[in-house]
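Observations on the model geometry
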Amino acid sequence: QVQLVESGGGLVQAGDSLRLSCAASGRTWRNFDMGWFRQAPGREREFAARIRWTSSTYYADSVKGRFTISRDNAKNMVYLQMNSLKPEDTAVYYCAAGRYPVTDRLYEYDYWGQGTQVTVSS
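Thresholds, definitions, all that
Residues numbered from 1 in each chain as written. Predicted model: local features only at pLDDT ≥ 70, side-chain atom pairs only at ≥ 80, totals over all residues. Heavy atoms only, no water. Helix = DSSP H or I, 4+ residues; strand = E, 2+ residues; numbered from the N terminus. Buried < 20%, exposed > 50% of the residue type's maximum accessible area, 1.4 Å probe, protein only. Contact = heavy atoms within 4.5 Å. Core = buried A, V, L, I, M, F, W, Y, C linked by side-chain atoms within 4.5 Å. Phe/Tyr/Trp six-rings, centres within 6.5 Å; stacked < 30°, edge-to-face > 60°. Pairing = 2+ DSSP bridges. Axes fitted to C-alpha atoms, helices over the stretch in contact; angles between N-to-C directions.

What follows concerns the environment of Val5. Position of Val5 relative to the elements: it lies in strand β1 (residues 3-7). Residue classification places Val5 among the partly exposed positions, given a relative accessible area of 46%. Taking the C-alpha atoms as reference points, Val5 and Val92, 87 residues apart in sequence, are found 13 Å from one another. Ignoring any residue separated from it by four or fewer positions in sequence, one finds Val5 in contact with Ser21, Cys22, Ala23 and Gln114.

Set out below in structure tokens:
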């Protein structure tokens, strides 16, 4: 079993930066692939970024070049550094973990956090 707890959300202005954190627990989470998803009001949850247990990273086109996902296995943490934020980045951001190699598909992830709200004002 893996537990995930997100933090770091808030209200910022367009162009600002924010770093989200995901605290992970469970014996084997270090072998899991990790992802960040987001869900805006009235929209489906969508992929933002993911990092494999090997630390290879992948990004949605909408965030590529602005967001950076990283992990610190020693601290049991996964991060999402978000720069040059835009109003369209406003969403609830979720951390997720997959026991097997994952891609961008929600159903491939086995564990989810409760989410943290990010609001970007124009």
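Additional details are given in the paragraphs that follow.
Ranked by size, the top nonpolar core spans 34 residues in total, and within it Leu4, Met34, Trp36, Ile69, Leu80, Met82 and Tyr93 carry the most contacts. Element by element, the count of residues in this core is highest for strand β9 (residues 91-98), at 5 residues. Sequence-distant contacts of Leu4, defined by excluding residues within four places in its chain, comprise Cys22, Ala23, Ala24, Met34, Cys95, Ala96, Ala97, Tyr111, Trp112, Gly113 and Gln114.

In this section: the packing of aromatic side chains. In this structure the tally under the stated criterion is 5 aromatic pairs. The interplanar angle of 85° and the centroid separation of 4.9 Å between the aromatic rings of Phe37 and Tyr109 together place this pair among those described as edge-to-face. Of this pair, Phe37 sits in strand β4 (residues 33-39) while Tyr109 is found in the loop between β9 and β10 (111-112), placing the two residues 72 residues apart along the sequence. Pair check on accessibility: Phe37 and Tyr109 agree, each one buried. Relative to Trp112, the ring of Phe37 has its centre 5.1 Å away and its plane inclined at 55°; by these criteria the two rings are tilted. Taken together, the residues span a long stretch of sequence, with Phe37 in strand β4 and Trp112 in strand β10 at a distance of 75 residues. On the accessibility criterion, Phe37 (0% relative accessible area) is buried. In this structure an aromatic cluster arises from ring pairing among Phe37, Phe47, Tyr109 and Trp112.

Let's shift gears to unusual backbone geometry. Look at Ser55: it is not a glycine, yet its phi comes out positive at around 80°. Structurally, Ser55 is set in the loop between β5 (46-51) and β6 (57-59). Here Ser55 falls in the partly exposed class, since its relative accessible area comes to 43%. In this structure, Ser84 is a non-glycine residue whose phi angle is positive, near 50°. Position of Ser84 relative to the elements: it lies in the loop between β8 (77-82) and β9.

As a further point, take the environment of Ile69. The topology assignment puts Ile69 in strand β7 (residues 67-72). Residue classification places Ile69 among the buried positions, given a relative accessible area of 3%. C-alpha of Ile69 to C-alpha of Gly9: the two residues are 60 residues apart in sequence and 15 Å apart in space. Aside from chain neighbours lying at most four places away, what touches Ile69 is Met34, Trp36, Ala49, Arg50, Ile51, Thr57, Tyr59, Val78, Tyr79 and Leu80.

This part covers the sheet that holds β8. In any sheet, the strands associate via hydrogen bonds between backbone groups, in a parallel or an antiparallel arrangement. If you trace the 4 strands from one edge of the open sheet to the other, you get β1-β3-β8-β7, paired in antiparallel fashion. Each of the sheet's edge strands pairs with one partner strand only, and the pair in question is β1 and β7. Strand-to-strand twist of the sheet, defined as the mean angle between neighbouring strand axes without regard to direction, takes the value 15°. Bridge count for β7 against β8 is 6 bridges, and the pairing is antiparallel. Within the sheet, the bridge partner assigned to Phe67 lies in β8 and is Met82.

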